[in-house]
Amino acid sequence: MDAVVDDVVERLDEARLRARPLRAESDWPGLDLDQAYRAQAAQVARCVARGDVEVGLKLGFTSEAKMRQMGVDEVIVGRLTDAMQVAEGGVVPLGELIHPRVEPEVAFLIASDVDLTEPDVALIECVSGVAPALEVIDSRFSGFRFDLPRVVADNTSAAFFTVGRWSPLDALGHRAGVELWSNGARVAEGTTEAILGDPLRTLTRLASLGGRLGLRLPAGSIVLAGAATEAMPLAAGKIEVKVEGLGETWFEAKDGTDG
Ligand code: OOG
Ligand code: MG
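Residues numbered from 1 in each chain as written. Chains lettered and ligands numbered in written order. Predicted model: local features only at pLDDT ≥ 70, side-chain atom pairs only at ≥ 80, totals over all residues. Heavy atoms only, no water.

## Here's the deal with the pairing of strand S6 (residues 127-137)
Inference 1: Burial of S6 is extensive: 10 of the 11 residues sit out of reach of the surface.
Inference 2: Across 10 bridges, strand S4 (residues 101-110) lies against S6 in antiparallel orientation. Within S6, the position partnered with Leu109 by the bridge is Gly129.
Inference 3: Pairing geometry for S6 and strand S7 (residues 158-163), over five bridges, is antiparallel. Bridge pairing links Ile137 to Ala158 in S7. (Buried < 20%, exposed > 50% of the residue type's maximum accessible area, 1.4 Å probe, protein only. Helix = DSSP H or I, 4+ residues; strand = E, 2+ residues; numbered from the N terminus. Pairing = 2+ DSSP bridges.)

Laid out in structure tokens, this is it:
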């Protein structure tokens, strides 16, 4: 047992459920990445014990824009559950969130069971589809201020996500345009090249990181490759992502906790 990890899990879980940020910049001095990934796993295990189902993994800080915005320089992995998934056109309840931001992403669909701890696992060969995606992030730390261990412990700020229609992998161009729209206005734009030079590279990074962390991807899992642009503040209304070659997807952000 690790009392620090237990405290991190307890406080972050409560912050998320109450939508009240933690002022923990000075707490847990020396918290390291290993403890942070254990805290992340334990928090998601709590959600699973309450009935949630794990549906995939997400990568964070796979673009320069994101690393610069948040002041970090390492790719990280988080866990996705069915409670975070919002159907296309569905509602993201702003009342459950602290200070949400939205990111334009692409998602991959994993077709067969993958054990990332197996050496030389060819994750890319297990991918059967790619889709436009939106991710809502909501740091449980006040002011979205954190270091790498804290954002990892906080399950990489994961809150909600929406995935559009799957296309075959070759529909994804090397420099496909990515646009984020909010209530009919384009609020961010970039290209898929911003994601590690090519979003497919995120799969190689995921294979090595996931191997060290002992992660698996059952058939049907979703992988979010990380934002192509900076994250933008999420306000009420229709939020849409358009990815050249893949089409678009959207959700509606609504005030109130009942959706
Ligand atoms: C961490 C989440 C980063 C991405 O796509 O890069 C992420 C954060 O910025 O709070 O999801
Ligand atoms: Mg993201």
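That covers the picture; the talk isn't over yet.
## A few points about the pattern of salt bridges
Charged atoms that come close allow side chains of opposite charge to pair.
Inference 1: Enumeration according to the criterion identifies 17 salt bridges in this entry.
Inference 2: Residues Glu14 and Arg18 are paired through a salt bridge, measuring 3.7 Å at the closest nitrogen-oxygen approach. Of this pair, Glu14 and Arg18 both sit in helix H1 (residues 3-18), separated by four residues, roughly a single helical turn.
Inference 3: With a relative accessible area of 51%, Arg18 lands in the exposed category.
Inference 4: We note a salt bridge from Lys58 to Glu135, for which the minimum N-O separation is 2.8 Å. Residue Lys58 is located in strand S1 (residues 54-60), and its partner Glu135 is located in strand S6; the two are separated by 77 residues in the primary sequence.
Inference 5: A network of salt bridges, in which partner residues are shared, links Glu10, Asp13, Arg16, Arg46 and Arg50. (Salt bridge = Lys/Arg side-chain N within 4 Å of Asp/Glu carboxyl O.)

## So, unusual backbone geometry
Inference 1: Positive phi outside glycine occurs at Trp28, with the angle close to 50°.
Inference 2: Considering the arrangement of structural elements, one finds Trp28 in the loop between H1 and helix H2 (33-49).
Inference 3: Classification of Trp28 as buried rests on a relative accessible area of 7%.
Inference 4: For Asn183, which is not glycine, the phi torsion reads 50° and is therefore positive.
Inference 5: Counting through the fold element by element, Asn183 comes out in the loop between strand S8 (177-182) and strand S9 (185-191).

## A word on the side chain of Thr162
Inference 1: Within the fold, Thr162 resides in strand S7.
Inference 2: Side-chain polar atoms of Thr162 contact the backbone oxygen of Val86, separated by 2.9 Å.
Inference 3: When residues no more than four places from it in sequence are discounted, the contact partners of Thr162 are Val86, Ala87, Glu88, Pro132, Ala133, Leu134, Thr249, Trp250 and Phe251. (Polar contact = N/O pair within 3.5 Å; in protein donor to acceptor, adjacent residues only side chain to side chain. Contact = heavy atoms within 4.5 Å.)

## Some thoughts on the site of ligand 1
Inference 1: Residues in contact with ligand 1 amount to 17 residues; listed here are only the nearest, Lys58, Phe61, Lys66, Ser157 and Ala227.
Inference 2: The contact in question runs from an oxygen atom of ligand 1 to an N or O atom on the side chain of Lys58, over 2.9 Å.
Inference 3: Between Ser157 and ligand 1, the recorded distance is 2.7 Å, taken from a side-chain N or O atom to an oxygen atom.
Inference 4: Given that more than half its atoms are within 2 Å of the pocket grid, ligand 1 belongs to the largest cavity.
Inference 5: At the level of elements, S1, helix H3 (64-70), S4 and S6 are the ones that each hand at least two residues to the shell around ligand 1.
Inference 6: Partitioned by chemical class, the residues of the shell around ligand 1 number eight nonpolar, four polar and five charged. (Near = heavy atom within 4 Å. 1 Å grid on protein atoms, 1.4 Å probe; cavity = no way out; pocket = protein on both sides within 12 Å on 5 of 7 lines; lining within 4 Å. Sits in = over half its atoms within 2 Å of the grid points. Nonpolar A, V, L, I, M, F, W, Y, C, P; charged D, E, K, R; others polar.)

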